[in-house]
Structures are given as structure tokens and as C-alpha cells.
Amino acid sequence: MTEKKRYVEYDLMRILACLCVIMIHAAVFNQSENYHYTTFAFQSINIWGVLSRWAVPAFVMLSGMMILPHGDEISIGKLMKRRVFRMLGAYIVWSCVYSFYNVFVLKNVYAGTKLKTWLDGCFSGEIHMWYLPMLAGMYIASPLLAIMIKKLERRWTIYWLGGLFLFSSAIPFFVKLNIRFASVIVDSVNSYMDLQFLGGWTFYFVIGFYIQRHNFLRKEKIAVAVCAILSLAFTMWATVGYYLKHGEAMGVLPYEYPNIVCMSIGALLFFKEVVSRSKLIVKFEKIIRNLSGLTFGIYLIHLLMLKIWYSFGINVQMLHPIVSIPLLAVIVFTSSGIIVWLIRRIPVVGPYFA
């Protein structure tokens, strides 16, 4: 497998992940209240939400995969300017845009005056903007992470990933299960240890690099595939089946939980081992690369486009949700992509904010 081919398959993954992020937000965008939870229409929203849940972890894994191989070769000045400040600058600019639309177009005022509400929104950001400060934090840590992962032997890398998984994924999930006595004890001990080094999104950032570099044995591929499929089945049951029985979901969708981790890793390995062998990615290589290059900007503005399309009646209710959600995602992806392409034509500032 050549580096060039690998790049194309991960670009395709980035495109599909972007579409899935849009579906996640389309599925929860003030629509569930329009259907009773026992209907297929309501559960269709949950189904698409579960099927799309791997998308955000995929973005983080792909970032780690691309950044960490050379993360320790960049100067601090370039690191801050090209990566960290770009993320934070985009956060502020687009938060201001979203806040302006919410306050002066949608008339959502909650802080006494329009000006105060707008200023608050400029810094608090829209619901998806958390991703940019998080990624800026990963970029800040990337030189140190790169040095560590390059120098560690494979056994110590696995040890590190195991610790990251335990403290950032397994323990929070165990606490969520609320098992009598046990969950309380584990939560207390974990809080006393306060191992912030083994927490957050670092696991996804590092394991993206590891998956790219590691040559998986057949039994390892099978194990990952089985875990991913079982995790998908469990997540679907805990979100759809449990909802039908109890009138609410079990709450197993946080990105750090083991079921989402297994689904996300399974998706990345699928693109590496299966999609990479497809002749279609070679045939459509140029299109895939061009679309992939727009995904960062599309992520930034897709929620604004969702709001605008909703104002014109283009929403989940236009058809049955099982059809309308992916259709709406394609509409938003396409319209957002066109706008991003135009923004990037603005001299000097365009490429920095889209």
C-alpha cells in the first residue's frame, strides 16, 4: 500500500465522517419532539444517530494519524500559527457569525439585550464548535506525544493506550452503569488518582497514529471487527430497543464510552484494510481529494446551513426520517461545500477560516 493510496482512502473516510456529523445534528435538530417515541419515524432519528456516532472520533484519529508522524519536527512558532491559532481564530470568527444569526435573524435573546447576547455567543460558541478548542489542545500536545510514541517500544505503546482506554473510556462507562457500591467506589478512587494525563481525547489522537503504522494480523482484524459489530449492536439496542421499552435511551452515546471507541476503531481499520483495496478510490481520486479538502470548512458552517434550510421548510419532516435525514445531510454538505469553496477564494483570510 502506497502513502498516496492511503491518503485517498482516509480522505474518503473524512468525507463520509463529515456527512455523518451532519446527520447527527440533523437528527437531533428539534425534530424528535414531533414524533412519539414508539413510532418508526422517531426511532429512525435514533438509528441514524447511532450509525453516525463514529464520525467525530474518526476526525480526531485522522488528525493524530496525519500530525503525529511529524509532530516533533515543527517549530513552536509554526505550531502556534499554523495549527493552534488557526483553530482558535476559526472558533472566534464562526462563533461570532453563529451568534449574529441566532440573535439578529432568529431573535434568540437571553442575556437582557441583543448586544450582550451576541457577545456571549461570540465566546460560548455553537453546539459543535467545542471541537476546535479541543483540537487546538491536541495540537499543543502533539510535539510531546510525537516524541513519546516514536521512542516507545511497541509493548509500552500498548501499555500507554491501555491506560488511556482504562481511564478515559472504561472507568467512565463503568461509573455510568451505576452498579450498586462498585460504581461509587471506582468513581471515588478514580477522582482521587486524578490521572488527567490518561484522559480526554488523547486516546483517539494517539490510536489513529498507531492503527496507521501497525500491520494487523488476521486474528487481530477479526477481533476488531467482532468488537465493532457487537458494539454497534449493543449501542443500537441501548438507544432504540431500550427507548421503546422504557421511554428513554440508556445513554451510551458519549464518544469516550467503550462501545463508541470500538465502533470508531472498527471504522478506521475498515477503511485501512478494505476500502484501500477498492479500485473506485483510484478512479475518483481527484474528486475525493477535492471534497476532502472542503470538509473542515463544511464542518464549521454546516449547522448554519441546517438552520437556513430549516427556515425554508427543508428539514427532517419533508419525508420519512429514515430517508430525509441522509437526504438533508447531502443537501447541507453540498451547499456548505459550495460556500466554503467561495470563501477560500477570498484573498489572504479565506483559507484560514474555511
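Residues numbered from 1 in each chain as written. Predicted model: local features only at pLDDT ≥ 70, side-chain atom pairs only at ≥ 80, totals over all residues. Heavy atoms only, no water.

Description of the overall build of the protein chain
Right, on to step 1. Assigned secondary structure in the protein chain consists of 15 helices and 0 strands.
Right, on to step 2. Against the 2.2 N^0.38 benchmark of 20 Å for 354 residues, the protein chain shows a C-alpha radius of gyration of 21 Å, consistent with a compact globule.
Right, on to step 3. In terms of overall dimensions, the protein chain has a C-alpha envelope of 55 × 55 × 50 Å along the principal axes.
Right, on to step 4. Here the protein chain holds 354 residues, and 48% of them are scored as buried. (Helix = DSSP H or I, 4+ residues; strand = E, 2+ residues; numbered from the N terminus. Rg over C-alpha atoms; globule rule 2.2 N^0.38 Å. Buried < 20%, exposed > 50% of the residue type's maximum accessible area, 1.4 Å probe, protein only.)

Section: helix α15 (residues 321-343)
Right, on to step 1. Its 23 residues give α15 an end-to-end C-alpha distance of 32 Å, which sits within 8% of 33 Å, the value for a rise of 1.5 Å per residue.
Right, on to step 2. Of all the positions in α15, only Pro 321, Ser 324, Ile 325, Leu 328, Ala 329, Val 332, Phe 333, Ser 335, Ser 336, Gly 337, Val 340 and Ile 343 are classed as buried. (Expected span 1.5 Å × (residues − 1).)

Remarks on the confidence of the model for the protein chain
If pLDDT is low for a region, its predicted coordinates should not be looked at in detail.
Right, on to step 1. Mean pLDDT over the protein chain stands at 90; residues scoring 70 or higher make up 97%.
Right, on to step 2. The low-confidence segment residues 1-5 (pLDDT under 50) makes 10 contacts with residues lying over four places distant or belonging to another chain. (pLDDT = per-residue confidence, 0-100. Contact = heavy atoms within 4.5 Å.)

Some points on the environment of Ser 44
Right, on to step 1. Along the chain, Ser 44 falls in helix α2 (residues 40-51).
Right, on to step 2. As for Ser 44 and Val 323, which are separated by 279 residues in sequence, their C-alpha atoms are 9.0 Å apart.
Right, on to step 3. Sequence-distant contacts of Ser 44, that is, excluding residues within four places in its chain, are made with His 320, Pro 321, Ile 322 and Ile 325.

With respect to the side chain of Thr 117
Right, on to step 1. Topologically, Thr 117 is positioned in helix α5 (residues 114-124).
Right, on to step 2. Residue classification places Thr 117 among the buried residues on the basis of a relative accessible area of 1%.
Right, on to step 3. One polar contact links the side chain of Thr 117 to the main-chain amide nitrogen of Ala 111, over a distance of 3.0 Å.
Right, on to step 4. Leave out the neighbours within four places in its chain, and Thr 117 touches Ser 99, Val 103, Asn 108, Val 109, Tyr 110, Ala 111 and Gly 112. (Polar contact = N/O pair within 3.5 Å; in protein donor to acceptor, adjacent residues only side chain to side chain.)

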